[in-house]
Amino acid sequence: MYWVVVSNGDVLYWVVVSNGDVLGDGEWLGILVRQADCADILMRGNTTSGMYDIYPFTCKCDAKKVWVWCDMDTDGGGWTVFLTRQKQFPQLNFNRTWVEYKRGFGDPYREYWIGNEVLHLLTHARSYTVRMNREQVSGGLSYTTWESMLVDDETNRYRLLLSGKKEGETHNDHFIHNNHRYFTTYDRDNDGTSSNNAVKFGGGWWYNNVCLYPTANNFTGPSLKISSYSNLPPVSGVRFMLRPKICDSSSKTIHLRDKLCSTCTGGK
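The rules behind each value
Residues numbered from 1 in each chain as written. Predicted model: local features only at pLDDT ≥ 70, side-chain atom pairs only at ≥ 80, totals over all residues. Heavy atoms only, no water. Phe/Tyr/Trp six-rings, centres within 6.5 Å; stacked < 30°, edge-to-face > 60°. Helix = DSSP H or I, 4+ residues; strand = E, 2+ residues; numbered from the N terminus. Buried < 20%, exposed > 50% of the residue type's maximum accessible area, 1.4 Å probe, protein only. Lys NZ or Arg CZ within 6 Å of the ring centre and 35° of its normal. Disulfide = S-S within 2.5 Å. Salt bridge = Lys/Arg side-chain N within 4 Å of Asp/Glu carboxyl O.

**Student:** Quick question: what am I supposed to make of the packing of aromatic side chains here?
**Tutor:** A ring pair, where both rings are aromatic, is described by two values, the distance of the centres and the angle of the planes. Evaluated as defined, the whole model comprises 16 aromatic pairs. A centroid spacing of 5.3 Å and a plane angle of 50° characterise the contact between Tyr 101 and Phe 183, whose relative ring orientation is tilted. Of this pair, Tyr 101 sits in helix 2 (residues 98–103) while Phe 183 sits in the loop between strand 11 (160–168) and helix 4 (197–201); the two residues are 82 residues apart in sequence, bridging distant segments of the chain. The pair Tyr 101 / Phe 183 is uniform in exposure class, with both members buried. Ring-pair connections join several aromatic residues into one group, and the members of that group are Phe 82, Phe 94, Trp 98, Tyr 101, Phe 105, Trp 113, Tyr 158, Phe 183, Trp 205, Trp 206 and Phe 240. Over the aromatic face of Phe 105 sits the side chain of Arg 96, whose NZ or CZ is 4.5 Å from the ring centroid. The ring of Tyr 143 has Arg 131 sitting right over it, with the charged end atom 3.9 Å from the ring centre.

Next comes the structure, spelled out in structure tokens:
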């Protein structure tokens, strides 16, 4: 048994599905729910990038509103942005506590972090592709996508799990070195090294000795230092975002992971 989201063009429904068939002999068993991510918002006909509210799915049916930036322009749209770093004044401080990274901070219109708990809820409700856009100091945009991204719960220290096919500028893929790493902040050291890299570099991240750390609070002139690798071209900004892997615009259906919560009828 699993869940799908079905749209009739105006509203979205959670529908219980078993063996590929809707239970109840074709009758709708779901209820009207709010959008779980920016892909749902796109399905409702909103094609303009901007700030929207989403309600990440939970088995307890207690979804809370989260304000996010939705990218409706990149590769067909429907991307939920979970991190934006850019040159601005004043620069947002990313050297935050474990609790602040858990809850999220910043302004989706400018720089922000969506929150580790939201990342966990999102990536364990649906199968997501993750994309990193890099704005080069010299001009132009490069990107890398990974087929699958999961973030564990707080008990497992919000461990990052990447898998599947990569596309785009894969030769500068340093994010993969953060794979299977636990999240670290200056007040919660989980990086497995002799020192706390969040203290050393600033910001919170899935730190490793060979790191990509775009949350680092470290602009040097127009350039954001996002890696300990010297061969990575200098960037003036980065954006990380998620979109469901299975997103058929004709059937308007997105399959959810098996939540093992058959008594739940969706968000409120």
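Okay, back to it.
**Student:** Can you help me understand helix 3 (residues 116–125) in this one?
**Tutor:** Because an α-helix completes one turn every 3.6 residues, residues spaced three or four positions apart along the sequence face the same direction. Burial runs high along helix 3: 7 of the 10 residues are buried. For helix 3, every residue scored as buried is listed here: Asn 116, Val 118, Leu 119, His 120, Leu 122, Thr 123 and Ala 125.

**Student:** How do you make sense of the state of the cysteines when you look at a structure like this?
**Tutor:** Between two cysteines, a covalent bond joining their sulfur atoms is known as a disulfide. Inspection of the entire model under this criterion finds 1 disulfide. The disulfide partner of Cys 38 is Cys 70, and the gap between their sulfur atoms is 2.0 Å. When the S-S torsion is -75°, as for the bridge of Cys 38 with Cys 70, the disulfide is left-handed. On the criterion of sequence distance, the pair formed by Cys 38 in helix 1 (residues 38–43) and Cys 70 in strand 5 (residues 66–71) is long-range, its members being 32 residues apart.

**Student:** Looking at this structure, I do not really get the pattern of salt bridges. What am I missing?
**Tutor:** Pairing between side chains of opposite charge can happen when their charged atoms approach one another. A full pass over the atoms with the stated rule returns 7 salt bridges. The shortest N-O distance in the salt bridge between Arg 126 and Asp 37 comes to 2.6 Å. Taken together, the residues Arg 126 in the loop between helix 3 and strand 9 (128–136) and Asp 37 in the loop between strand 3 (21–22) and helix 1 connect sequence positions 89 residues apart. Relative accessible area serves as the criterion here: at 1%, Arg 126 is assigned to the buried category. Between Arg 126 and Asp 40 there is a salt bridge, and its shortest N-O distance comes to 3.0 Å. Of this pair, Arg 126 sits in the loop between helix 3 and strand 9 while Asp 40 sits in helix 1, placing them 86 residues apart in sequence. An identical accessibility class is assigned to Arg 126 and Asp 40; each is buried. Among the charged side chains, a salt-bridge network with shared partners connects Asp 37, Asp 40 and Arg 126.

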